[in-house]
Amino acid sequence: MSLLVVGLSHRSAPVSVLERASLNADAQFKLLQDTVAAEPAAEAALLATCNRIELYADVDKFHAGVAELSTLLAQHSGVGLEELTPHLYVHYEDRAVHHLFSVACGLDSMVVGEGQILGQIKDSLARAQGLHTAGRLLNDLFQQALRVGKRAHSETGIDRAGQSLVTFGLEQLSAGADVQQWARGKKALVIGAGSMSSLAAATLARSGVAEIVVANRTFERAERLARILSEGDDTDVLARAVPMDSVPVELTRADVAVSCTGATGLVLTADAVAATVAGRTGAPAAASDGAADAGSAGVREERQGAETPLPGPGTAAGGDENCPLDLSPVPSGFSVMGEAAVAGMDAATLEQHGAWAAGGTAVDRPRETGRTGAEAEAELIGALAATATRVGRIPERRRPEPVADAPRPEPVLFLLDLAMPRDVDAAVHRLAGVRLVDIESLADASADAPMAADVDMVRRIVADEVAAFGAAQRAAHITPTVVALRSMAADVVAGEIARLEGRLPGLDDKHRAEITQTVKRVVDKLLHAPTVRVKQLAAEPGGAGYADALRTLFDLDQETVASVSRAGNSTTEKNRGPA
């Protein structure tokens, strides 16, 4: 059997695909059950977070396993296989181990070094154990991943390389300001009471917000979280719980809202947020793009005379027929203010063109002054020609500066959406008076985050741990064969002692025990060196064949070896619990 992982994450898929592929709790359970029911897989575990969905399995066939796991992911996520496939990645054997260990250390997180992923891996293992889909391999893998992650955080400064997604999101909301100063005195609304929402609430409480309101579909969970916040030793915050239908009212009182629920639809629509902002500011929360366009329109009107374009091919007032200037090499839309359009033209040529433009017969373009386009163009060209005559050359002037958009008003409402699929309508990004940070904007921001030097140390830890885990698994693979060999040797000793008793019925107990012990010592000494050496060889890369060689040399029964392996798995799982 071999380890295989098929998945997608923020590194391989856009947020829109991750959002659609997210799995609720019921879908996760069903996916695990269907995976172990499939022919290629004997074990399965699922790591599903806000920015990754990864299915781990112990399979007996690589290609069949990839096809089956990909199909199951598509079926349970609701995203078609053809659409999902380009975003899937596949890791096998040591590469799969390396991937999970890297994930556990925070190297593959959206915010490098964040430690929240360890809790998510622990939850994944507990879920697989509860459904009995994790056997020896995945139990060993996930528990070792947890140990590797803890080692990375304790032995290196990877924590300095990044923070939790919540902390990073609050830093983005504060636009680079100190989070504690920004949060101090604010009223916060936390929508959801799961692990991410609880972390957000605790972070806000430690940051100094004055009040936290927790809303959740299950009111008891909201009450429990509010009570924990109120009774916390390291915070002094007023916390209370409200039912989910109170969110619209509480949003009108909140300065900052964090949402992370398992809802399949939007929790906060753009209309609801716009109404909240309008009620707070007394003005409609118009889309910022529209506001910028409206604000710049007046500036463009003031500059109308300076930016009137010189007619180009097919755009002159009188058309380009009989035009005295060869304008074909000049790009359309250039300004009469630009020296590239008229540099090198003498005054006579410009006057000639002005007269031609003034007598144009095509449909004129009206101006707000009431003049026709031909009249305005002739006036501008004539003035430019007069200047050229006076100074002897075309004046060199800069092109008009681009019109600046109207500044976006300071936000009165801050929203942090950590849900996948999203809880807050993406259209809220365009509302003036609101700052929204969601998974997509966090991904964009984290792409430019600097990498700490400690990351290299963590990578070395991961490489060493992957090698050690592989060696341990290969050594464990041969253990049932060694146990079966020693069991066979014990049976041979017992058989020979029984035969000796038949030949020497008068043998007393003392001599019988001495003879039995001597024979056992001889057998143990003969088997010690080869069994120790075969374990060492099996732990090396490519050592999987030594178990087969041992079974062949000693003519061991395959079913006996398998029964030893099953007994070992049963004992291990009985004594094993979540890490």
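Residues numbered from 1 in each chain as written. Predicted model: local features only at pLDDT ≥ 70, side-chain atom pairs only at ≥ 80, totals over all residues. Heavy atoms only, no water.

Brief notes about helix H11 (residues 195-207)
Here H11 contains 13 residues, and its C-alpha end-to-end distance of 18 Å stays within 8% of the 18 Å for a straight helix at 1.5 Å per residue. When H11 is considered as a whole, its buried residues turn out to be Met 196, Ser 197, Ala 200, Ala 201, Thr 203, Leu 204, Ala 205 and Ser 207. Downstream of H11 by one or two residues, Gly 208 has phi in the positive range, about 105°. (Helix = DSSP H or I, 4+ residues; strand = E, 2+ residues; numbered from the N terminus. Expected span 1.5 Å × (residues − 1). Buried < 20%, exposed > 50% of the residue type's maximum accessible area, 1.4 Å probe, protein only.)

Let's talk about unusual backbone geometry
The linkage connecting Met 420 with the following residue, Pro 421, adopts the cis geometry, with an omega of 5°. Mapped onto the elements of the fold, Pro 421 is located in the loop between strand E9 (413-417) and strand E10 (434-437). Phi is positive for His 132, close to 60°, though the residue is something other than glycine. By the secondary structure assignment, His 132 is in the loop between helix H6 (116-130) and helix H7 (136-155). A residue is classified by how much of its surface remains accessible, and His 132, at 72% relative accessible area, is exposed.

Topic: the confidence of the model for the chain
On average, residues of the chain score 78 in pLDDT, and 72% of them are at 70 or above. Counting contacts from residues 360-369, a segment whose pLDDT is below 50, to residues more than four positions away or on other chains yields 20 contacts. The low-confidence segment residues 571-579, where pLDDT is below 50, has 17 contacts with residues more than four positions distant or belonging to other chains. (pLDDT = per-residue confidence, 0-100. Contact = heavy atoms within 4.5 Å.)

Observations regarding the pattern of salt bridges
Within the structure shown, the criterion is met by 19 salt bridges. For the salt bridge of Asp 34 with Lys 30, the shortest nitrogen-to-oxygen distance reads 3.0 Å. Taken as a pair, Asp 34 and Lys 30 lie in helix H2 (residues 25-37) at a separation of four residues, close to a single helical turn. Residues Glu 211 and Arg 253 are paired through a salt bridge, measuring 3.5 Å at the closest nitrogen-oxygen approach. One end of the pair, Glu 211, is in strand E6 (residues 211-216); the other, Arg 253, is in helix H13 (residues 247-253), and 42 residues separate them in sequence. A relative accessible area of 8% places Glu 211 in the buried class. Here Arg 253 falls in the partly exposed class, since its relative accessible area comes to 34%. (Salt bridge = Lys/Arg side-chain N within 4 Å of Asp/Glu carboxyl O.)

Things to note about the sheet that holds strand E5 (residues 187-191)
Spatial strand order, E7-E6-E5-E8-E9-E10: six strands in an open sheet with parallel pairing. Two strands close off the open sheet at either side, each with one partner strand: strand E7 (238-243) and E10. Sheet twist, expressed as the average angle between the axes of neighbouring strands with direction ignored, equals 15°. Its contacts with the sheet put helix H9 (residues 165-173) on strand E8 (256-259), E9 and E10, and the angle it makes with E9 is roughly 150°. (Pairing = 2+ DSSP bridges. Axes fitted to C-alpha atoms, helices over the stretch in contact; angles between N-to-C directions.)

Considerations on the packing of aromatic side chains
One pair of aromatic rings is described through two measures. These are the centre distance and the angle between the planes. This model, assessed by the stated rule, comprises four aromatic pairs. For the ring pair Phe 101 and Phe 469, a centre distance of 5.9 Å and an interplane angle of 80° mean the geometry is edge-to-face. Of this pair, Phe 101 sits in helix H5 (residues 94-104) while Phe 469 sits in helix H20 (residues 454-503); the two residues are 368 residues apart in sequence, bridging distant segments of the chain. The two residues Phe 101 and Phe 469 agree in class, both being buried. (Phe/Tyr/Trp six-rings, centres within 6.5 Å; stacked < 30°, edge-to-face > 60°.)

So, the pairing of E9
The buried fraction of E9 amounts to five of the five residues, a majority that puts the element mostly inside the structure. Burial of the side chains of E9 extends over both faces: Leu 413, Leu 415 and Asp 417 are buried on one face and Phe 414 and Leu 416 on the other. With four bridges joining them, E8 and E9 adopt parallel strand pairing. Across the sheet, the residue bridging to Val 258 is Leu 416, located in E9.

Side note on the nonpolar core
Ranked by internal contacts, the top residues of the largest apolar core, which has 66 residues, are Leu 8, Leu 165, Ile 212, Leu 229 and Leu 418. In contact with Ile 212, other than residues within four places in its own chain, are Ala 188, Val 190, Ala 201, Leu 204, Ala 205, Leu 229, Val 237, Leu 238, Ala 239 and Arg 240. (Core = buried A, V, L, I, M, F, W, Y, C linked by side-chain atoms within 4.5 Å.)

Digging into the environment of Thr 516
The topology assignment puts Thr 516 in helix H21 (residues 509-539). Judged by relative accessible area, which is 18%, Thr 516 ranks as buried. Separated by 20 residues in sequence, Thr 516 and Glu 496 place their C-alpha atoms 9.1 Å apart.

Structural notes on the sheet that holds strand E4 (residues 89-92)
Taken together, the four strands give an open sheet; going across it, the order is E2-E3-E1-E4, and neighbouring strands pair in antiparallel fashion. The outermost strands of the open sheet, each flanked by one partner alone, are strand E2 (41-49) and E4. Sheet twist, expressed as the average angle between the axes of neighbouring strands with direction ignored, equals 15°. By the bridge criterion, eight bridges tie strand E1 (residues 2-9) to strand E3 (residues 52-59) in an arrangement that is antiparallel. What sits directly across from Leu 3, in E3, is Asp 58. This element, H7, spans E1, E2 and E3 of the sheet and lies at about 30° to E2.

Quick word on the environment of Ser 22
Mapped onto the fold, Ser 22 is located in the loop between helix H1 (15-21) and H2. Dropping the residues within four chain positions of it, Ser 22 is found in contact with Ile 53, Met 420 and Pro 421.

Focus on empty space enclosed by the protein
Under the criterion given, the structure shown has four cavities of 30 Å³ or more. There is about 100 Å³ of room inside the largest cavity. Together, 13 residues line the largest cavity, and Asn 51, Ser 109, Glu 114, Gln 120 and Leu 165 are the ones closest to its centre. For the lining of the largest cavity, the element with the highest residue contribution is H6, accounting for three residues. Within the lining of the largest cavity, the residues separate by chemical class into six nonpolar, five polar and two charged. (1 Å grid on protein atoms, 1.4 Å probe; cavity = no way out; pocket = protein on both sides within 12 Å on 5 of 7 lines; lining within 4 Å. Points joined across faces, edges and corners; volume = space filled by probe spheres on them. Nonpolar A, V, L, I, M, F, W, Y, C, P; charged D, E, K, R; others polar.)

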